[in-house]
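Okay, here's what each chain looks like letter by letter:
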Amino acid sequence: MIFPRALLSIALLATSSAFAPASSHPRSALCIHSTTEAATVQEDVASNAGDRDILIRAARGEQVDRTPVWLMRQAGRYMSDFRQYSDKYPFRERSETPSMAIELSLQCHRAYGMDGIIMFSDILTPLPTLGIEFDVVKGIGPVISTEVRNDEDVAKLADVADVDFDKTLPFIREILGTLSKEAEEANTSLIGFVGAPFTLASYTIEGKSSKHCLRTKKMMMADDDGSSTAMATFLDKLATMIGNYGCHQIECGAQVIQVFESWAHQLSPKQFEQFAKPAAQKAIKIIKEKYPDVPVIYFANGGSSYLECQRDMGADMIAVDWSVDMAEARKILGPDIPISGNVDPTILFGTKEQIEEAVRECIDKAGGPGKHLLNLGHGVMQGTPEEAVGWLVDECKRYKGKDA
């Protein structure tokens, strides 16, 4: 089922009215196709108590009664309601102003009823806790002004032991605290996320998106030949901060944490094993040691060529990108490792029939309904037709298997 728009709006009236433009959603309260259906949806919300934690249980590796679904970048510019904010306010203002961040987190769930609400934020958000300044420039992307190139630069960064997230990032607790209440009212889960250490290190070292990641790889080679310890030290510092940040999100209300290795495509299998993997494992271990019952999902975008290296990340679930066949990914990881993914996001530009077929195929190849967590193999793309997202979510929730 899909939740009606009114279900999540009550608590926001007092906090976000100054920032909440009138809805222009093309499906016009997308989820309510008729008065009768609206009543049925409300009855389903009340009766399907298992929907509250179905995503959490799936992420832990439990078999559930249907395949749960959420989408990376589900809160994004493909939605006209979202663009009314992104066209007017800079990214950091949107993500660090609680009323706006809360509204942007909830818009997609009100429209489509995914099985999780994810906080609208960015993987770079915690970098200022170490003294690394950044901005997200429209049309360019992240731009990091703090230079980290050598041992001296790393030494200048803040001590991880002194990081106080409530002091440096005070908005996070308010955003997640409110979203936690909204998720409970909506009978769904709250997802937090962090960037993996290598990805944050690369962004910082390069200063922005990079085609070849050359500065980073030079630092990796310097570390490899013993002429510098900057890369290893930086990754270790980031791993500790990120692990602690994941714990902070859980303490603020997040029920699942996804770790994004967004620059995995820049790495060979050997480089992944030597640099990215140990740092990510350390961050994940910090989270799991403190909160063993909170599932952690690891996603290496572009890392499907070394999927076999990800079996022992320490995460509860491995998310895979769209470049690997789901059946092959399941075979490589083995039957005991929970898996998430991996519908090609470009299929959302196809027909309703093509989208529904892609959903069914992905679920079947993952083992059938209830055997994995459906997601895209990357984020929802800008320009994606809004109704296409609804078709994907609806079909995932509807599908009972080949023999049903």
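Rules and cut-offs
Residues numbered from 1 in each chain as written. Predicted model: local features only at pLDDT ≥ 70, side-chain atom pairs only at ≥ 80, totals over all residues. Heavy atoms only, no water. Salt bridge = Lys/Arg side-chain N within 4 Å of Asp/Glu carboxyl O. Helix = DSSP H or I, 4+ residues; strand = E, 2+ residues; numbered from the N terminus. Buried < 20%, exposed > 50% of the residue type's maximum accessible area, 1.4 Å probe, protein only. Arc of directions from axis to C-beta. Contact = heavy atoms within 4.5 Å. Polar contact = N/O pair within 3.5 Å; in protein donor to acceptor, adjacent residues only side chain to side chain. Expected span 1.5 Å × (residues − 1). Pairing = 2+ DSSP bridges. Right-handed = clockwise from strand over helix to strand, strands pointing away. Axes fitted to C-alpha atoms, helices over the stretch in contact; angles between N-to-C directions. Phe/Tyr/Trp six-rings, centres within 6.5 Å; stacked < 30°, edge-to-face > 60°.

Caption draft 1: Just the pattern of salt bridges, in detail. For the structure shown, the criterion picks out 19 salt bridges. Among the ionic pairs, D325 bridges to K365, the shortest N-O distance being 2.6 Å. Remark: K365 occurs in helix 15 (residues 352-365) and D325 occurs in the loop between strand 7 (317-319) and helix 14 (326-333); sequence separation between them is 40 residues.

Caption draft 2: Helix 14, seen in detail. Along helix 14, the residues classified as buried are M326, A329, R330 and L333. What you see down the axis of helix 14 is that its buried residues fit within an arc of 100°, all on one side. Contacts made by the buried residues of helix 14 are with strand 7, strand 8 (339-343) and helix 15. The distance from a side-chain oxygen at the start of helix 14 to the backbone nitrogen of A327 is 3.0 Å, and the residue carrying that oxygen is D325.

Caption draft 3: Helix 11 (residues 214-225), seen in detail. The end-to-end C-alpha distance of helix 11, which contains twelve residues, comes to 16 Å, matching closely the 16 Å that a straight helix rising 1.5 Å per residue would cover. Within the sequence span of helix 11, burial applies to T216, M219, M220, A222 and D223. Along the axis of helix 11, the buried positions cluster into a sector of 160°, meaning they face one direction only. Residues K218, M221, D224 and D225 are exposed on helix 11 and point more than 90 degrees away from its buried face.

Caption draft 4: Highlighting the pairing of strand 8. Within strand 8, five of the five residues are buried, which leaves the element mostly enclosed by the surrounding structure. With two bridges joining them, strand 7 and strand 8 adopt parallel strand pairing. Paired with A319 across the bridge in strand 8 is S340. Bridge analysis of strand 8 against strand 9 (residues 373-376) gives four bridges, and the strand direction is parallel. Across the sheet, N342 pairs through a bridge with N375, a residue of strand 9. Handedness of the crossover is the feature at issue here: the chain leaves strand 8, passes through helix 15, returns alongside strand 9, and the resulting connection is right-handed.

Caption draft 5: Region of the structure containing the sheet that holds strand 8. Strand order in the open sheet formed by seven strands is 1-4-5-6-7-8-9, and the pairing between neighbours is parallel. Because the sheet does not close on itself, it has two edges, and the strands there are strand 1 (116-118) and strand 9. Each neighbouring strand pair of the sheet contributes to a mean axis angle of 30°, computed without reference to strand direction. Where strand 6 (residues 296-300) meets strand 7, three bridges bridge the pair, whose relative direction is parallel. If you follow I297 over to strand 7, its bridge partner there is M317. Helix-sheet contacts for helix 13 (residues 269-290) involve strand 5 (256-261) and strand 6, and the interaxial angle to strand 6 is about 160°.

Caption draft 6: Quick look at the packing of aromatic side chains. According to the stated counting rule, one finds eight aromatic pairs in the structure shown. Where F165 meets Y245, the ring centres are 5.3 Å apart and the plane angle is 35°; that geometry is what we call tilted. Remark: Y245 occurs in helix 12 (residues 230-252) and F165 occurs in helix 8 (residues 165-168); sequence separation between them is 80 residues. With a relative accessible area of 8%, F165 lands in the buried category. Assessed through its relative accessible area of 2%, Y245 is described here as buried. Judged by centre distance (5.7 Å) and plane angle (85°), the rings of F193 and F260 are edge-to-face. Residue F193 is located in strand 4 (residues 189-195), and its partner F260 is located in strand 5; the two are separated by 67 residues in the primary sequence.

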